[in-house]
There are 2 protein chains.
Amino acid sequence: MSIRDYEQAMKSVADPTRMRILKLLEGGEMCVCQLIAVIELKQSTISRHLLLLKRAGLVKERKDGKWVHYSLDGSNSSRYARKMLQNLKGWLNDDRIVKKDRIREKIARDAGPREICERGMTLPMRRTATCCPAPRKEAVGTR
Amino acid sequence: MSIRDYEQAMKSVADPTRMRILKLLEGGEMCVCQLIAVIELKQSTISRHLLLLKRAGLVKERKDGKWVHYSLDGSNSSRYARKMLQNLKGWLNDDRIVKKDRIREKIARDAGPREICERGMTLPMRRTATCCPAPRKEAVGTR
DNA sequence: TTCTCATATAGCCAATTGTCAATATGAGAG
DNA sequence: CTCTCATATTGACAATTGGCTATATGAGAA
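Residues numbered from 1 in each chain as written. Chains lettered and ligands numbered in written order. Predicted model: local features only at pLDDT ≥ 70, side-chain atom pairs only at ≥ 80, totals over all residues. Heavy atoms only, no water.

Q: Even after reading the chapter, I still don't get the pairing of strand S3 (residues 67-72) of chain A, so can you show me in this structure?
A: For a regular strand, side-chain orientation follows a simple rule: the groups alternate between the two sheet faces. Residues and elements named next belong to chain A. With two bridges joining them, strand S1 (residues 30-31) and S3 adopt antiparallel strand pairing. Bridge pairing in S3 places cysteine 31 opposite histidine 69. Sheet topology places strand S2 (residues 59-64) next to S3; six bridges connect them, and they run antiparallel. Looking across to S3, one finds that glutamate 61 is bridged to tyrosine 70. (Pairing = 2+ DSSP bridges. Helix = DSSP H or I, 4+ residues; strand = E, 2+ residues; numbered from the N terminus.)

As structure tokens, this is what we get:
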């Protein structure tokens, strides 16, 4: 409980990507693969952020077979982490990015870890450019 | 009031040097020269930190002749800044560095901006290694 | 055992950050 | 006006950080 812990907690929550992870976990624990699918950053990047959040006492992990689920840490090893989690719950709920993440979060939760992983860490979306590249037969050259 | 403001406020308070400045200002407004004398970093460095704190809505300035006094910003342009100032007041009061700063803070406040500036941004201290370098005659080579 | 797959870790690169030295600004003194 | 001095700003540098690719780990399946 020194400056070191303070700095670790504050720098952890200050990063926008880690803040997004924390806001997602406010809705309950999530599998790493689900976080990857929602945030759309590389697996190693998400993994690294989760490590930092864990070190700061902000999240905890639960291993379940080959999956690892993360959730907000209620045990609160750090008073700074505890307070910041509390603050965050009332913050940024109207933010554009956070709201967009919440929509994707719902899709990821509905699908579950298994389907997300099977799809290669992507969400099952309807009408997405990357997912359904419009297999029209003769759409090109109809002009 | 977006992620941008959030990030600015959080990153501002996360830095240990800026945290020290905020903890000093909890005791009331201070002149830039006093902050320099207490923290012992170069004038340009302190000035830059103050700029970042001001941008984040954490501190405000008051110009008084050739001196500039900074204080915690009660007007609170940023909700994040407001909350973090409140949090900080209950945090780190037992920290070694913060306590040491408080001792130097008292000396700086007692002396006032004028004397601090006249001394070249240093504190009037008795028995300090840097101030009184022990003028022993033949301490070297006694072995 | 070996293979697969979800996650973690290592190594690299570009961008950001904290510090200092040098210089600019700007207000009061003369 | 000029000079001085407190502070702000700029430019350079090293250290840190966030992202990626590639590789390692480790558990379940075969």
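Q: Would you mind showing me how to read the sheet that holds strand S3 (residues 67-72) of chain B here?
A: In a beta sheet, neighbouring strands pair by backbone hydrogen bonds and run either parallel or antiparallel. Strand order in the open sheet formed by three strands is S1-S3-S2 (chain B), with antiparallel pairing between adjacent strands. In this open sheet, the two strands that pair with only one neighbour each are strand S1 (30-31) and strand S2 (59-64) of chain B.

Q: Any chance you could explain the protein's contact with DNA strand C here in plain terms?
A: Taken together, 23 residues lie around DNA strand C, and A:Gln43, A:Ser44, A:Ser47, A:Tyr70 and B:His49 are the ones closest in. Counting only the atoms of DNA strand C within 4 Å of the protein, the fraction contributed by sugar and phosphate is 66%. A distance of 3.4 Å separates a sugar or linking oxygen of DNA strand C from a polar atom in the backbone of A:Lys66. Within the contact set of DNA strand C, a phosphate oxygen lies 2.3 Å away from a side-chain nitrogen or oxygen of B:His49. The leading source of residues in the surface near DNA strand C is helix H4 (residues 43-55) of chain B, at four residues. (Near = heavy atom within 4 Å. Polar contact = N/O pair within 3.5 Å; in protein donor to acceptor, adjacent residues only side chain to side chain.)

Q: What should I look at first to understand the interface of chain A and chain B in this one?
A: Many authors give the size of an interface as the accessible area that is lost as the parts come together. The partner chain B presents 21 residues to the 21 residues of chain A that form the contact. Contact between chain A and chain B buries roughly 2,000 Å² in total, counting both sides, with carbon and sulfur atoms accounting for 71%. On the chain A side of the contact with chain B, A:Ile3, A:Tyr6 and A:Trp91 bury the most area, a combined 34% of that side's loss. The tally of links from chain A across to chain B stands at six residue pairs in polar contact (both at pLDDT 80 or more). Elements supplying a minimum of two residues to the side of chain A that touches chain B: helix H1 (3-14), helix H2 (16-25) and helix H5 (79-89) of chain A. (Contact = heavy atoms within 4.5 Å. Buried area = accessible area lost by both parts, 1.4 Å probe.)

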